[in-house]
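Fold and contact review
What follows is the residue order along each chain.
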Amino acid sequence: MSEVIVVTSGKGGVGKTTTSASFATGLAQRGFKTAVIDFDIGLRNLDLVMGCERRVVYDLVNVIQGEATLKQALIKDRNNENLYILAASQTRDKEVLTTEGVEKVINDLKGLGFDYIICDSPAGIEKGAHMAMYFADSALIVTNPEVSSVRDSDRILGLLGSKTYRAENDLPSIKEHLIITRYSAKRVNTGEMLSVADIKELLGVSLLGIIPECQSVLSASNAGSPVIRDDGSLAGKAYSRIISRFLGEEVPDDSAKKGFFRRLFASNKEKELA
């Protein structure tokens, strides 16, 4: 049975698209047929991160408005036959998205046998974000360890619990998972960032994983390759652990690993002193 997952956060620039790309890629690497949809109408970045920007002919809006079929618009990933991308339009307005149109796209994807449908939400709480989360079964709440980011994520949690198909039809609640990105133990220790415990307490959502600050994230984005494919990087390994946890595998909680981030910090410190 297909599962619809929204990757969301109220604040921009926290790593939603990076997370969408790596999460979808990780599921495809595990053998699941996966589609990832860019809902950021007018901006469109997912295709860049996925390295398929030159292959976009038709997009989500074309499909909704009947200008192309879903099969015409889906872009098959070059590296994994299980992974497909549906790009956003760069020239349209978010208002062109309709509940009926989005529902049809998602139902058609289910009909094509996709195990997972990942919805990459734009920032904010306007129509694009609402459409991305409306039909979700699960949500990945992406936040940075900063007060403004956590506050905006709390606002999104309110919307997930009140303005989605499941909420409006009295169905079981959307399963919520927390992903903390750009985490730096050094900056937490100096009080520049919130701790993992602070964020978990403020949001009350189960932690799926922590992505440390890592240069490989930017390098991977610039190269058009999801960072999870860089299995030698800290971020790539962190996303792989997230996939394992999401699929129910026994993986230690990053925040509970004894000295994990302290060892990371100490290792970097040793390099500085060497």
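The sections below set out a description of the structure shown in this document. (Residues numbered from 1 in each chain as written. Predicted model: local features only at pLDDT ≥ 70, side-chain atom pairs only at ≥ 80, totals over all residues. Heavy atoms only, no water.)

1. Things to note about the overall build of the chain
Within the chain, the regular secondary structure consists of 13 helices and 8 strands. The C-alpha atoms of the chain give a radius of gyration of 18 Å, which matches the 19 Å a tight globule of 274 residues would have. Along the first, second and third principal axes, the C-alpha set of the chain runs to 60 × 40 × 35 Å. The 274 residues of the chain split such that 51% are buried. Taking the 34 positively charged and 36 negatively charged side chains of the chain as two groups, their mean positions are separated by 4 Å. (Helix = DSSP H or I, 4+ residues; strand = E, 2+ residues; numbered from the N terminus. Rg over C-alpha atoms; globule rule 2.2 N^0.38 Å. Buried < 20%, exposed > 50% of the residue type's maximum accessible area, 1.4 Å probe, protein only. Lys, Arg positive; Asp, Glu negative; His and termini not counted. Charge placed at Lys NZ, Arg CZ, Asp CG, Glu CD.)

2. So, the pairing of strand β6 (residues 138-143)
Sheet faces and side chains relate simply in a regular strand, where the side chains alternate between the two faces. The buried fraction of β6 is high, at 6 of 6 residues. Here β6 shows two buried faces, one formed by S138, L140 and V142 and the other by A139, I141 and T143. Bridging between strand β1 (residues 3-8) and β6 involves 4 bridges; their strand directions are parallel. From the neighbouring strand, I5 faces β6, where its bridge partner is S138. Sheet analysis places β6 next to strand β7 (residues 175-183), joined by 6 bridges and oriented parallel. Counterpart to A139 in the pairing with β7 is E176. (Pairing = 2+ DSSP bridges.)

3. A short note on the sheet that holds strand β8 (residues 207-212)
Strand order across the open sheet formed by 8 strands is β3-β4-β2-β5-β1-β6-β7-β8, with mixed pairing between neighbours. Each of the sheet's edge strands pairs with one partner strand only, and the pair in question is β3 (75-76) and β8. When strand β2 (residues 34-38) meets strand β4 (residues 83-86), the two strands line up parallel, connected through 4 bridges. In the strand pairing of β4, I37 is matched with L86. Contacting β1, β6 and β7, helix α7 (residues 147-160) runs over the sheet at an angle of about 165 degrees to β6. (Contact = heavy atoms within 4.5 Å. Axes fitted to C-alpha atoms, helices over the stretch in contact; angles between N-to-C directions.)

4. Description of the packing of helix α1 (residues 16-29) against helix α12 (residues 234-246)
Helix-helix packing: each pair is described by the crossing angle between the helix axes and the interaxial distance. Put simply, α1 and α12 touch, their axes get as near as 9 Å, and they point 60 degrees apart. Accordingly, the angle class assigned to the pair α1 and α12 is oblique. α12 is crossed by α1, and the crossing has right-handed handedness. Of the residues in α12, those touching α1 at T18, T19, S22, F23, G26 and L27 are Y239, I242, I243 and F246. For the contact of α1 with α12, the per-class residue count stands at 6 nonpolar, 4 polar and no charged. (Parallel < 35°, antiparallel > 145°, perpendicular 65-115°, else oblique. Left-handed = near helix turned anticlockwise from the far one by under 90°. Nonpolar A, V, L, I, M, F, W, Y, C, P; charged D, E, K, R; others polar.)

5. Observations regarding the environment of L178
Here L178 lies in strand β7. Sequence separation between L178 and S206 is 28 residues, and the spatial gap between their C-alpha atoms is 5.9 Å. In this structure L178 touches I141, T143, I199, K200, L203, V205, S206, L207, L208 and G209, once residues within four positions along its chain are discounted.

6. Quick notes on the pattern of salt bridges
Considering all chains together, one arrives at 9 salt bridges under this definition. The partner of E192 in a salt bridge is R187, with the nearest N and O atoms 3.5 Å apart. Classification of R187 as partly exposed rests on a relative accessible area of 29%. Salt-bridge contacts for R187 lead to E213; the nearest nitrogen and oxygen are separated by 3.2 Å. Placement of the pair is R187 in helix α9 (residues 185-189) and E213 in the loop between β8 and α11 (215-223), with a sequence separation of 26 residues. Accessibility expressed as a relative area gives 40% for E213, which makes it partly exposed. Salt bridges sharing common partners tie together R187, E192 and E213. (Salt bridge = Lys/Arg side-chain N within 4 Å of Asp/Glu carboxyl O.)

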